Amino acid sequence: AKELLYVDNVQRAFGLNLQTTRAGFVKLYASMAPTGFDSGSIEKLFTGISAATAALQLTPDKAERVIYAFGQMASKGQIMSEELKGQLGDVLPGALAIFAKSAGMSVKEFSQAMEDGQFVGQRFREVFAKVSDELMNRFGTGAQAAGKSLQGLLNTVQGEIGRAHV
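Residues numbered from 1 in each chain as written. Predicted model: local features only at pLDDT ≥ 70, side-chain atom pairs only at ≥ 80, totals over all residues. Heavy atoms only, no water.

*Asks:* What is the right way to look at the overall build of the chain in this model?
*Replies:* A tally of helices and strands in the chain yields nine helices and zero strands. For the chain, the C-alpha radius of gyration of 15 Å lies close to 15 Å, the compact-globule estimate for 166 residues. Its C-alpha atoms put the chain at 50 × 30 × 20 Å along the principal axes. In the chain, which comprises 166 residues, the share counted as buried stands at 46%. Across the chain, the fraction of contacts at a sequence separation of at least 24, relative to all contacts at a separation of at least 6, is 67%. Accessible area for the chain stands at about 8000 Å²; split by element, carbon and sulfur atoms hold 57% of it. Counting 17 positive and 16 negative side-chain charges, the chain places the averaged centre of each group 3 Å from the other. (Helix = DSSP H or I, 4+ residues; strand = E, 2+ residues; numbered from the N terminus. Rg over C-alpha atoms; globule rule 2.2 N^0.38 Å. Buried < 20%, exposed > 50% of the residue type's maximum accessible area, 1.4 Å probe, protein only. Contact = heavy atoms within 4.5 Å. Areas by Shrake-Rupley, 256 points an atom, 1.4 Å probe, with all protein chains shown as cover. Lys, Arg positive; Asp, Glu negative; His and termini not counted. Charge placed at Lys NZ, Arg CZ, Asp CG, Glu CD.)

Listed below in structure tokens is the structure:
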């Protein structure tokens, strides 16, 4: 119930599609919880992902692909080029730069370190946590504005109707 309330609050704040938001959170949680991430870390990352989704006005399909890429990295416990450059980079503009800044490196340094397999274990967790912050720094203001846009308000109303029918 606590998690559902959290997801609904994110959906309302950013004016996201209710079903996509709920399904995305469940998938991210299912990928991250078994690898030892606590609910607070998962929620923080999901909030950042949701902010990016709202600010960039990603389609539900693209939002799912963002969640999938993060889930893949989390379940593997490693930041890997395939997920970051391939899957995530295709749908989240600047994904590589976001991760590089979160690691305190240039894009070139980060790419080399990633290829060398440096982002595993504790180092992986540290960068992942900072990615949450960087997503909010880059997209938080835009996400708030998106929640007040016509599409955001329509999504919020549709979400309220959906919750009323449950």
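*Asks:* Explain unusual backbone geometry here, please?
*Replies:* The phi torsion of most residues other than glycine is negative, and most of the peptide bonds are trans. Even without a glycine there, the phi angle at Gln 57 is positive, about 55°. Of note, Gln 57 is situated in the loop between helix 3 (39–55) and helix 4 (60–76).

*Asks:* In this structure, what is going on with the nonpolar core? I would like to understand it.
*Replies:* Counting 44 residues, the largest nonpolar core has Phe 70, Ile 79, Leu 88, Phe 99, Phe 110, Phe 128 and Leu 135 as the members making the most contacts within it. Taken together, the elements giving at least two residues each to this core come down to helix 1 (2–14), helix 2 (18–32), helix 3, helix 4, helix 5 (81–91), helix 6 (95–102), helix 7 (107–115) and helix 8 (121–147). Take this core: its biggest share by element is seven residues, from helix 3. Sequence-distant contacts of Phe 128, that is, excluding residues within four places in its chain, are made with Met 32, Phe 37, Leu 45, Phe 70, Met 73, Ala 74 and Phe 99. (Core = buried A, V, L, I, M, F, W, Y, C linked by side-chain atoms within 4.5 Å.)

*Asks:* What exactly am I supposed to notice about the packing of helix 2 against helix 3 here?
*Replies:* Packed helices, taken two at a time, are described by the angle their axes make and the gap between the axes. At their nearest, the axes of helix 2 and helix 3 sit 10 Å apart, and the two run at 135° to each other. In terms of orientation, helix 2 and helix 3 fall into the oblique class. For helix 2 against helix 3, the interelement crossing comes out right-handed. Residues Thr 21, Gly 24, Phe 25, Leu 28, Tyr 29 and Met 32 of helix 2 form the contact with helix 3, whose own contacting residues are Ser 39, Ile 42, Glu 43, Leu 45, Phe 46 and Ile 49. Looking at side-chain class alone, the contact of helix 2 with helix 3 contains eight nonpolar, three polar and one charged residues. (Axes fitted to C-alpha atoms, helices over the stretch in contact; angles between N-to-C directions. Parallel < 35°, antiparallel > 145°, perpendicular 65-115°, else oblique. Left-handed = near helix turned anticlockwise from the far one by under 90°. Nonpolar A, V, L, I, M, F, W, Y, C, P; charged D, E, K, R; others polar.)

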